[in-house]
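Structural overview for review
Chain by chain, the residues:
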Amino acid sequence: MGALLEFEDISIVYRTQEGEVFAVEGVKLALAAGQALGLVGESGCGKSTLALAALGLLPRSARITHGAIRFDGDLISGKGESELRPLRWRRMAYVPQSALASLVPVHSIRRQFRDTAAAHGMRATEADARAVELLRQVELDRAVLDRFPHELSGGMRQRAIIALALLFRPPMLVADEPTTGLDVIVQRQIVNLLSDLRRSEGLSLIFISHDIGVVAELCDRVAVLYAGEVMEEGPTTEVLSRPAHPYTMGLAQSFPDIRAPDRPLVSIAGHTPRLTEPTRACPFASRCPFVREVCRTTKPARVRVAQGRSIACHFASDSEAMREAAARPGLWDAGQAA
Amino acid sequence: MSDDPGPIVAFRDVHKHFTPRSALLVGGKPVKAVDGVSFAIERGQVLGIAGESGSGKSTLANLLVGLERPTAGEITVDGLVVGAKAERRSGRAVQMVFQDPFASLNPRFTIGRTVEEPLLIHGVGTPAERHEAAAAALERAELRPGRAYLARYPHELSGGQRQRVAIARATVLNPKLLVADEPVSMLDVSVRAGILRLLKRLVVEQQMAMVFITHDLSIVAHICDDLAVMYRGAIVEQGPVRDLLLAPAHPYTQALIDAVPILSPTAGPHALPAKLLAAAGSTPPERGCRFAPRCVHAVAQCEVTNPAPVPVQRGHVVACLRAAELRRVAP
């Protein structure tokens, strides 16, 4: 099975007033058709930049300095707007974080469907019929068609956005924190909806979240990003239950489990490095409890640790011992304020 | 009065109703944002208030800090009635920590100026004393050495450090009550535990009480002693946090817990009962249990009787007619 979406050693730099920001550095990832790949990590890890790059929606201040992005075998990095436009909505669609801003506030939902349809060559009658069908699929009443975004609750709005994204039956959705800010019951409804769509439509999904619990439920594979680089990648259940990279170990332990209220939570001392200059060190070195001299001078290559699983760590062969040590919460809090 | 061993914060049958300005909205009926809420918090204790948007938890916070006045009932902090004109001191006694440490700090103020602000407002100390107090508050918030932070600006700090500055500002006056409104939900997951531990430590050391408002039930065990779950203005279940999480009795608490994603799902996504979702935005019923329209366990009696809170175990009360039979058994 060939990859639907491929990031081939991609690096992305933003030009800002304070100089360059190296947001994504040498990312290699692939999404197979029909799969869901979760991109997890904290603020500034590059996950949203990767999503925008996949859609060809990077802002003008961003530049792909290295590597290539392929969709369905076609090179899409470096393509101009006129070549990308036919791909968007029809071949790949975007579901942003639930916000009023992602729908036109002064247009009814019907109008949003019609305008999107018209912009990409679908007739209004077909758009109307498709809208009714899609609203049923996302469990919204068809009366929603004549409502305006502000008249809908956050959860209804997000389902309307997902329905709109599916207008042209794209094989791939890119969803960037689509449940963040929603109440937990509404979040559950959106997660279940995306999960149903994956099964019924065979949708491929790039799912971006800081919430590894949602990713655990929705994605076959997960890539853990830190400071613009992939730290660990592999099947979600294995990566999260038996992390091999120290950062994944810390992240998994800092995430609460409602079923285990007595399990201590850790916080990882220190904070993410500023990305204003390229580094030759491992990006996690300054916060890693297992750091050694080589980590501060040499960036580790991503190496295979098991079938379909890789980590970027000099001490990949020690991950068993590190995982044992990492279970001790005291290891992570050096008493230093982050 | 500080030797009084009783609760430091008390809510006594507090109501807050808002009358819509336009009679067209909600049929002109008052919205009962807080509808008969009672609780008490002892020194050194943290009460979690959990609920979805529209549950009334933000109105409750506004009532605690005196931004809103109750329509009925009484709120006291350290024996002083909150919001009463004669008792200005209550303003000092209650401080707040907000959700967004990027929005809650003035970007043009130094950290020193930010933390000194409450002292200036209440006319406390000389400039030198205020400096000293600000540096000490920063140290207590684990920003060490505190003096080194005084001249810095918010943009030089990480999100977690900024929230520590906000906590230093909120505690510099030694308040009796800290109201924390989703204080970690905007922070990176890897620094949340440190902020929760800091808040808990300060509550114990400074013998304050804390109200911790959240929509995220997965973190409450790591900070709260007791938990109150609010639904449409009322507390539907309240008790020791572990009891509520491991043996919830109210169907709404159970739904909130079941909806939380878990790290090691053994089965597919947990399906939600259609009834729970269908009636989510509807107007609350005139009589009977407020949760009945969304409750899969509702029986005919629930449509007519508004359940009073009853204990299912010591300190664990539930407002549900079927609480005893529906209560889960702790694993």
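What counts and what doesn't
Along every chain, residues carry numbers that run from 1 in the direction the sequence is written. Chain A is the first chain written and ligand 1 is the first ligand written, with later ones labelled in order. pLDDT decides what is reported in this predicted model: residues at 70 or higher carry local features, side-chain atom pairs at 80 or more are listed and counted, and totals for whole chains, interfaces and linings draw on all residues regardless. Here a helix means four or more residues in a row that DSSP labels H or I, a strand means two or more in a row labelled E, and each is numbered from the N terminus. Put plainly, a residue is buried at 20 or more neighbouring C-beta atoms within 10 Å of its own, exposed at 12 or fewer, and partly exposed in between, counting only other residues' C-beta atoms, which are placed from the backbone. Working definition of a contact: two residues with C-beta atoms, positioned from the backbone, lying within 7 Å. Residues are grouped as follows: Ala, Val, Leu, Ile, Met, Phe, Trp, Tyr, Cys and Pro are nonpolar; Asp, Glu, Lys and Arg are charged; all remaining types, including Gly, are polar. What fixes the domain bounds is an automatic or database domain assignment. A pair of strands is labelled paired if DSSP reports no fewer than 2 bridges between them. Axis angles are defined between N-to-C directions and span 0 to 180 degrees, where every axis is a line fitted to C-alpha atoms and, for a helix, only to the segment in contact. The span expected for a helix works out to 1.5 Å for each residue beyond the first. The term nonpolar core means buried Ala, Val, Leu, Ile, Met, Phe, Trp, Tyr and Cys residues held together as one set by C-beta atoms within 7 Å.

**Some details on the overall build of chain A**
Scanning chain A from N- to C-terminus turns up 11 helices and 12 strands. Taking the principal axes of its C-alpha atoms as reference, chain A extends roughly 65 × 45 × 40 Å. For chain A, the residues scored as buried account for 49% of the 338 residues in total.

**Section: the interface of chain A and chain B**
Taken together, the contact pairs 38 residues of chain A with 40 residues of chain B. Residue assignment for the side of chain A that touches chain B shows that the elements contributing at least two residues are α6 (184-201), α7 (212-218), α8 (236-241) and α9 (246-254) of chain A. Here the residues of the side of chain A that touches chain B sort into 17 nonpolar, 13 polar and eight charged.

**Observations regarding the domain arrangement of chain A**
When its domains are assigned, chain A resolves into domain 1 (99-169) and domain 2 (242-331). In this structure, domain 1 of chain A and domain 2 of chain A have C-alpha centres spaced 42 Å apart.

**Focus on the sheet that holds strand β4 (residues 72-77) of chain B**
Pairing between the strands of a sheet is mediated by backbone hydrogen bonds and can be parallel or antiparallel. All names here are of chain B. Spatially, four strands are ordered β2-β1-β4-β5 in an open sheet, and the strand pairing comes out antiparallel. For this open sheet the edge positions go to β2 (31-41) and β5 (80-81), each flanked by a neighbour on one side alone. Relative to the sheet, helix α1 (residues 57-64) contacts β1 (9-18), β2 and β4, its axis offset from that of β2 by approximately 60°.

**Section: α6(A)**
Its 18 residues place the ends of α6(A) 25 Å apart at the C-alpha level, agreeing with the 26 Å of an ideal helix rising 1.5 Å per residue. Within α6(A), burial applies to A:Val184, A:Ile185, A:Val186, A:Gln187, A:Arg188, A:Gln189, A:Ile190, A:Val191, A:Leu193, A:Leu194 and A:Arg198. Where α6(A) is buried, its residues touch β3 (36-40), α5 (154-165), β8 (204-209) and α7 of chain A together with α9 (251-259) and α10 (274-278) of chain B. Downstream of α6(A) by a residue or two, A:Gly202 has a phi angle that is positive, lying close to 65°.

**Points about the sheet that holds strand β1 (residues 3-16) of chain A**
All names here are of chain A. Strands sit in the order β2-β1-β4-β5 across an open sheet of four strands; the sheet is antiparallel. Two strands close off the open sheet at either side, each with one partner strand: β2 (19-32) and β5 (74-75). Along the sheet face, helix α1 (residues 47-54) touches β1, β2 and β4 (62-71) and points at about 115° away from the line of β1.

**Considerations on unusual backbone geometry**
Omega for the peptide link from B:Arg144 to B:Pro145 comes to -10°, which places this bond in the cis form. Of note, B:Pro145 is situated in the loop between α4 (127-140) and α5 (146-149). At A:Asp72, a residue that is not glycine, the phi angle is positive and equals roughly 55°. For A:Asp72, the location among the structural elements is in the loop between β4 and β5. Classification of A:Asp72 as partly exposed rests on a count of 16 C-beta atoms within 10 Å. With a phi close to 50°, A:Ala227 is a non-glycine residue in the positive phi region. Here A:Ala227 lies in the loop between β9 (221-226) and β10 (229-235).

**A short note on the nonpolar core**
Across soluble globular proteins, you tend to see nonpolar side chains buried next to one another. One finds A:Ile206 and B:Leu177 to be the most contacted residues of the largest nonpolar core, which totals 206 residues. Counting residues per element, this core draws most heavily on helix α7 (residues 189-205) of chain B, at nine residues. With near-sequence residues (within four places) excluded, A:Ile206 lies in contact with A:Leu5, A:Leu31, A:Leu37, A:Leu39, A:Ala51, A:Ala54 and A:Val174.

**Quick notes on the domain arrangement of chain B**
Residues and elements named next belong to chain B. In terms of domain boundaries, chain B breaks down into domain 1 (9-246) and domain 2 (247-331). With centres defined by C-alpha atoms, the gap from domain 1 to domain 2 works out at 28 Å. Contacts between the two partners involve 16 residues from domain 1, matched on the other side by 21 residues from domain 2. Elements represented by at least two residues in the side of domain 1 that touches domain 2 include exactly β9 (226-231), β10 (234-240) and α8 (241-246). For the side of domain 1 that touches domain 2, the element with the most residues is β10, which contributes six residues. Tallied by class, residues from the side of domain 1 that touches domain 2 come to 10 nonpolar, three polar and three charged.

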